Every structure is written in structure tokens, then in C-alpha cells.
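Examining the three-dimensional arrangement
This is what each chain is made of:
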Amino acid sequence: MPKTTTILGQYPETRLRRNRRDDWSRRMVRETILSVDDLIWPIFIREDGTEGEVPSMPGARRLTVTEVVEAAREAENIGIPAIALFPYTNPDKKCAEGKEALNSDNLICQAIRAIKKACPSLGVIADVALDPYTSHGHDGVLRGYHVANDESVEILCQQALVQAEAGVDIISPSDMMDGRIGALRKALDGKGFEHVRLMSYAAKYASGFYGPFRDAVGSKGNLAGASKATYQMDPGNTDEALREVALDIQEGADMVIVKPGLPYLDIVRRVKDSFNVPIFAYQISGEYAMIKAAAQNGWLDHDRVMLETLLAFKRAGCSGIWTYFALEAAKILTAD
Ligand code: PBG
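The structure contained in this document is the topic of the report that follows. (Residues numbered from 1 in each chain as written. Predicted model: local features only at pLDDT ≥ 70, side-chain atom pairs only at ≥ 80, totals over all residues. Heavy atoms only, no water.)

**A short note on the site of the ligand**
Convention followed: Neighbouring residues are identified by heavy atoms, a residue being near a molecule or strand if any of them is within 4 Å of it. Cavity means a closed set of points on a 1 Å grid over the protein atoms alone, one where a 1.4 Å probe fits but cannot get out, pocket means an open set with protein on both sides within 12 Å along at least 5 of 7 lines, and lining means a residue has an atom within 4 Å of a point. More than half of a molecule's atoms within 2 Å of the grid points is what it takes for that molecule to sit in a cavity or pocket. Basically, the charged four are Asp, Glu, Lys and Arg, the nonpolar ten are Ala, Val, Leu, Ile, Met, Phe, Trp, Tyr, Cys and Pro, and anything else, Gly included, counts as polar.
Near the ligand lie 17 residues; those nearest to it are Ser174, Lys228, Lys259, Ser285 and Tyr324. With respect to the detected pockets, the ligand is housed in the largest cavity. Of the residues in the shell around the ligand, the class split is seven nonpolar, three polar and seven charged.

In C-alpha cells, the structure reads:
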């Protein structure tokens, strides 16, 4: 017999509203708590003299290296555990092979060095994928019409090493090539970077919600409507997500990501029920843009909806959330 019926009778003896009667008792029985420790803050960076505003992502400006150091200090002071960096690459630095990704003095590496120097107790995450650097906007190199898997993985390993040399704490591959986690682990360990963590985008779906991100890193025009469906997952699939996660864990992932976030909470829950590994959800650009737009129109209460979505990720089983709201949420969560 279910526990509830043995312990409790039915209405009118049982009244679930009793626990909800006062704020103190609601707090006492609350099952899920959101804290500043749950937040990872993705930030876009740009070269001096380029445009900062991203119209489709209000409040998430691209920052120069100087500005990002200030933002990092703010994150560190308020207790955000880690920030994640994404570059806007000037068009003249893009090519079909994404070579700028391997430049040890590129924008990302400059930012990593500057942030690690200024904020030693803040975790710094860098993305591994070629899309901010390729003239075609894909995450790997194209051979004919296809993104070549193994050749791309080799380049991604070099990209990771360049970032590790700059001092990054976590490498986060978002490219969805097969076998890249094992290859990255081996490449990093081979150069003495066994302490660098791998947070893999294990279940990353081919999503329409990435639109504003592609505005922010400037890859939308390069992609010119092309699809990433040959490497990112089909939104109809869920068993396949478990296979992706299982493989990434086997290959050496320390933590895994499910992405996008809110429309894929069922995936988070299935991964949580199946594996003992820290899971993060990425509340992506399109999710952020929807809330911002609705709030700007006065259709939703911004702070309330923001915190409710973040709590939903925790309830579904996440250890933490990548979110462009991180600083705004942290301010509310740490206010007394
Ligand atoms: C690409 C990458 C994407 C995001 C993070 N890394 C977009 C894509 O796959 O096209 C999306 C993040 C967001 O939408 O906020 N490697």
C-alpha cells in the first residue's frame, strides 16, 4: 500500500493545504532550493572597438577583455562558482578551417589569462567547437557537404590544449562529434593537464532556440540557414540521449550537459535516474530571449519567472544551470 495512505487518512483528515498555510511552514517543507552555487554564467567577449549590444539578447552584452575581467570580479565576489566564455570573432579572422581557434593569443585565451590572474578563485570554462571561427559556421571542418568527424576531433584537441595552456579550468566541448571526449582526455593528460575538467555537452539537440546565441557570436550569417542536424541530436529522441551520456562518461567526462534546458527537462530527469554524474542544463539564448521579451512587454514578471525556471532545473535533477541570468539571479539569491 502506498506510504501516504498508511500514514494519513483522506479528506477531511488529510489537508495538504495545512503545510502551505504560512511562509515559515512552506519554507520548512520545501524540497528544492536554488542557490548561487548552482549558477554558471556564460559571457560573450569581443575585441575593443566592436559592437557590444546583441539586440536579441537584452542585458547580455558582449564584453571586451577589460570589461570581462570586471564582470568576473563581480561573479567571484557574489559567489558564482564559474563563468563560461564565448567569443565574437571578427569576420576577417574566420576561415573554412577555423584556424583562429588554435591561435594561442586569440580572444578566448587573452580573456582566460586575464581572468585567471585577476580572479584565481573563480572557475573558468571555455567552449571547444569551431563555430565561432569557421566561415561556414559549423562546429567542425567541412569535407564536401559533411562535417568530418575524426579530422574535426583532432583540431578540437588542439583547441583544447591552447585553452588549457592559457589556464582554463573546465573544457566544455559543444561540437557533438563522436569520440571527442576520449580524445580530449587523452590529449589533455598527455600534456600534463590531467586536472583540467571535462564538462561535455553530452545530449545537445539541433534546436531552433540557439538563434540569439548565433547572433551574439556572429555565426548566423556564416551558417546561412544550414542545419546542424548531422551532428546535434534529433529533438524527437530520448533513448539516444542516454547512449550519448553513457559514452561520454565512459570516455572520461567529469560532468555532463543537457541542452537546451526547459524544453528538455524530461531528458535531465532520465539522465539523473540512470547515471551518478553531475548534470547541468543549459538555459540557452532562445529561452533567455523569450523571458526577456515577455517581461519587456509587461506580460510576465521577470524576476519571478526567471527564478521559477532556474528552480525547475534543480527539481528535475540538475547540479547546476548555465544561464545568462546568472548575475541577476545571484543578486536576488544573495540579498538579505
Ligand atoms: C556551438 C554552441 C551553440 C551554443 C553553445 N555552443 C550553438 C549552436 O550549436 O549553434 C548555444 C548556446 C545558446 O543558445 O545559448 N558550439
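Additional details are given in the paragraphs that follow.
**Regarding empty space enclosed by the protein**
Convention followed: Grid points are joined across faces, edges and corners, and a volume is the space filled by probe spheres set on the points. Labels follow the DSSP assignment, with helices taken as runs of H or I lasting at least four residues and strands as runs of E lasting at least two, numbered in each case from the N terminus.
In the structure shown here, the tally under the stated rule is two cavities of 30 Å³ or more. Together, 17 residues line the largest cavity, and Asp131, Lys204, Tyr210, Phe213 and Lys259 are the ones closest to its centre. Listed by contribution, the elements that provide at least two residues to the lining of the largest cavity are strand E7 (197–204) and helix H7 (211–217). In this structure, the second largest cavity spans a volume of roughly 40 Å³. For the second largest cavity, the full set of lining residues is Leu85, Pro87, Ile108, Ala126, Asp127, Ala129, Pro132, Tyr133, Gln159 and Gln163. Contributing elements (two or more residues each) for the lining of the second largest cavity: strand E2 (82–87), strand E3 (123–128) and helix H5 (149–166).

**As for the environment of Cys119**
Relative to the helices and strands, Cys119 resides in the loop between helix H4 (107–118) and E3. Taking the C-alpha atoms as reference, Cys119 lies 9.3 Å from Ala75; in sequence the two are 44 residues apart.

**Topic: the side chain of Ser200**
What counts here: Contacts: residue pairs with any heavy atoms within 4.5 Å of one another.
Topologically, Ser200 is positioned in strand E7. Those residues within four positions of Ser200 in sequence are excluded, and the remaining contacts are Pro173, Ile181, Asp248, Ala253, Met255, Val256 and Ile257.

**Side note on the packing of aromatic side chains**
Definition in use: Pairing of aromatic rings covers Phe, Tyr and Trp, the last through its six-membered ring, and needs centres within 6.5 Å; plane angles under 30 degrees mean stacked, over 60 mean edge-to-face, and all others mean tilted. Classification of residues uses two cut-offs on accessible area relative to the type maximum, computed with a 1.4 Å probe and protein chains only: under 20% is buried, over 50% is exposed, and between them is partly exposed.
Going through the model one piece at a time under the given rule, you end up with eleven aromatic pairs. Measuring from ring centre to ring centre gives 6.2 Å for Tyr201 and Tyr282, while their planes differ by 35°; the resulting arrangement is tilted. With Tyr201 in strand E7 and Tyr282 in strand E9 (residues 279–283), this residue pair connects regions lying 81 residues apart in the sequence. Taking relative accessible area as the criterion, Tyr201 reaches 0% and is therefore assigned buried. A relative accessible area of 1% places Tyr282 in the buried class. Among the aromatic side chains, those forming a connected cluster through ring pairs are Phe44, Phe86, Tyr201, Phe213, Tyr282, Tyr288, Trp322, Tyr324 and Phe325.

**Overview of the packing of helix H3 (residues 65–78) against H4**
Helix-helix packing: each pair is described by the crossing angle between the helix axes and the interaxial distance. Where we set the bar: Axis lines are fitted through C-alpha atoms, for helices just across the contact stretch, and the angle between N-to-C directions can take any value from 0 to 180 degrees. Small angles under 35 degrees read as roughly parallel and large ones over 145 as roughly antiparallel, with 65 to 115 read as roughly perpendicular and the rest as oblique. Handedness of a crossing is defined here by the sense of rotation of the near helix relative to the far one, left-handed for an anticlockwise turn of less than a right angle and right-handed for a clockwise turn.
Interaxial distance between H3 and H4 falls to 9 Å at its minimum, and their mutual angle equals 40°. Considering their axes alone, H3 and H4 lie oblique with respect to each other. H3 and H4 meet at a crossing whose hand is right-handed. Between H3, through Val65, Val68, Val69, Ala72, Arg73 and Glu76, and H4, the contact on the second element is made entirely by Leu107, Gln110, Ala111, Ala114, Ile115 and Ala118. Of the residues belonging to the contact of H3 with H4, the class tally is nine nonpolar, one polar and two charged.

**Concerning helix H12 (residues 302–316)**
Put simply, the rule reads: Between the first and last residue of a helix there are one fewer steps than residues, each counted as 1.5 Å, and that sum is the expected span. This arc is taken over the directions from the axis of the helix to the C-beta atoms.
In this model, H12 (15 residues) spans 21 Å end to end at C-alpha, consistent with the 21 Å of a helix rising 1.5 Å per residue. Taken residue by residue, H12 has His302, Val305, Met306, Thr309, Leu310, Ala312, Phe313 and Ala316 as its buried positions. Taken around the axis of H12, the buried residues stretch over an arc of 150°, which confines them to a single face. Exposed side chains of H12 directed beyond 90 degrees from the buried face belong to Arg304, Glu308 and Arg315. At its buried positions, H12 is contacted by strand E1 (39–45), helix H10 (265–274), E9, helix H11 (285–296), strand E10 (320–323) and helix H13 (326–334).

**Remarks on a positive patch on the surface**
Counted only if it meets this: Exposure above 30% relative accessible area and the absence of a salt bridge qualify a residue for a patch, where like charges join within 9 Å and nonpolar side chains (Val, Leu, Ile, Met, Phe, Trp, Tyr) within 5 Å. Note that accessible areas follow from Shrake-Rupley with a 1.4 Å probe, and for residues the cover is restricted to the protein chains shown. Salt bridges, as used here, are contacts in which a Lys or Arg side-chain nitrogen is within 4 Å of a carboxyl oxygen on Asp or Glu. We treat Lys and Arg as the positive residues and Asp and Glu as the negative residues; His and chain ends play no part in the count. Throughout, a charge is located at the NZ atom of Lys, the CZ atom of Arg, the CG atom of Asp or the CD atom of Glu.
Taken together, the side chains of Arg15, Arg17, Arg18 and Arg20 make up a positively charged region of the molecular surface. Within the element layout of this structure, Arg15 appears in the loop between helix H1 (3–7) and helix H2 (23–29).

**Let's talk about a nonpolar patch on the surface**
Together, Trp24, Met28 and Val29 line one region of the surface with nonpolar side chains, adding up to about 360 Å² of accessible area. Summarising the element assignment, Trp24 is placed in helix H2.

**Thoughts on the packing of H12 against H13**
Interaxial distance between H12 and H13 falls to 11 Å at its minimum, and their mutual angle equals 95°. By the angle between their axes, H12 is roughly perpendicular relative to H13. Only Glu328, Ala329, Ile332 and Leu333 of H13 make contact with H12, whose side of the interface consists of His302, Asp303, Met306, Leu307 and Leu310. Split by residue class, the contact of H12 with H13 holds six nonpolar, one polar and two charged.

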